[in-house]
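Tertiary structure, described
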Amino acid sequence: MNNPGMPTLDQLRLFLAIVDTGSFAAAGRRLNRAVSVVSYGIANLEAQLGLSLFDREGTRKPQLTVAGRALLSDVRHISHGIDGLRAKVKGLLDGLEAEVDIAVDVMLPTDRLGKVLRAFAAEYPTVQLRLHAEALGAITAMVLDRRAIIGISGPLAAGVEGVECIAAGSVPMVPVAAPDHPLGRMDRIPPGAGRDHIQLVLTDRSRFTEGQDYSVMSPKTWRLADLGAKHALLREGIGWGNMPLPMIEPDLVAGTLVRLSMPDHPGGIYRFAGIWRRDAPPGPAASWLLEQFVALGQKDMELEGMGDV
């Protein structure tokens, strides 16, 4: 039974350098090693594995053997894994978090969230991220309960004891319904008409919203904890309700939802805040995330010329 030896990381790097540069001499220059050292290291690697990795006969350029080609992807994977491990250890030594838990409000536009997280993945490739999408007071609750180090919350976080806040943009909210809903068929909706129909209301189970209603006009309400479900029920014509404009703009264009002109319920601005526990300030990666959300939120507000509606 053949039992190959254990190659060293240095031997694997020699192997990859030869493959990438095309010769023992070029690999030596890249690694600042003598050609004899490179040749000796590869000979030892082949002896340990019991395999010939390069065909050196009849050509000036070493060619991978069948065995060498078979092992190449595994060697690269090991090398990348070691590089990632070293980068993560260096980050920990420098005070960088190993992971970041962030809770974001479901009202946050997905394109804004995507831009920030895509940039985060490039800026901090060694930091793992856990993303929680929550509604209303649940974001503040997660931060206070230490289940998230930072949050992008709606306006409910303001004034909560122990929570620090920084403005992070906003999103316009508009009342909508399906075109075949009674309100959707009205060109001019009389004051109070919304009270005669089911209003779909986003809710959560956090202690910060218990017993409270926000922008609720109708005594006939259906409560939903999922914004996607609310969107779907609005399109089905089951009720009317407020939605973040970026989420339903395609529906307004397609005609699957219509914006309601309600004199006593025109909609408004839903403001976001970056939040964290006062006694647990975010580390470098989490602070970077907050800064990006703040900057992008401010930029979007300037482009859209938002003010209170």
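Preceding this section is the structure that the text describes.
1. Considerations on the environment of D226
Tracing the chain through its elements places D226 in the loop between β8 (221-224) and α7 (227-235). Sequence separation between D226 and D204 is 22 residues; the distance between their C-alpha atoms is 8.7 Å. From its side chain, D226 meets the backbone nitrogen of A229 in a polar contact 2.6 Å long.

2. Considering the pattern of salt bridges
Counted under the stated rule, the structure contains 10 salt bridges. Two residues, R146 and D279, come together in a salt bridge whose shortest N-O distance is 3.3 Å. With a gap of 133 residues between them, R146 in the loop between α6 (138-144) and β5 (150-153) and D279 in the loop between β11 (268-277) and α9 (284-304) connect regions that are remote in the sequence. Overall, R146 belongs to the exposed group, its relative accessible area being 53%. Overall, D279 belongs to the partly exposed group, its relative accessible area being 49%. Members of the salt-bridge network, linked through shared partners, are D20, R30 and R76.

3. Points about the pairing of β5
Residues I150 and I152 line one face of β5 and the alternating positions G151 and S153 line the opposite face, and both faces are buried. When strand β3 (residues 99-105) meets β5, the two strands line up parallel, connected through 3 bridges. The residue of β5 that forms the bridge with V104 is I152. As paired elements, β5 and β11 share 3 bridges and run antiparallel to each other. Residue S153 lies in a different strand from β11, and its bridge partner there is A273.

Conventions adopted
Residues numbered from 1 in each chain as written. Predicted model: local features only at pLDDT ≥ 70, side-chain atom pairs only at ≥ 80, totals over all residues. Heavy atoms only, no water. Helix = DSSP H or I, 4+ residues; strand = E, 2+ residues; numbered from the N terminus. Polar contact = N/O pair within 3.5 Å; in protein donor to acceptor, adjacent residues only side chain to side chain. Salt bridge = Lys/Arg side-chain N within 4 Å of Asp/Glu carboxyl O. Buried < 20%, exposed > 50% of the residue type's maximum accessible area, 1.4 Å probe, protein only. Pairing = 2+ DSSP bridges.

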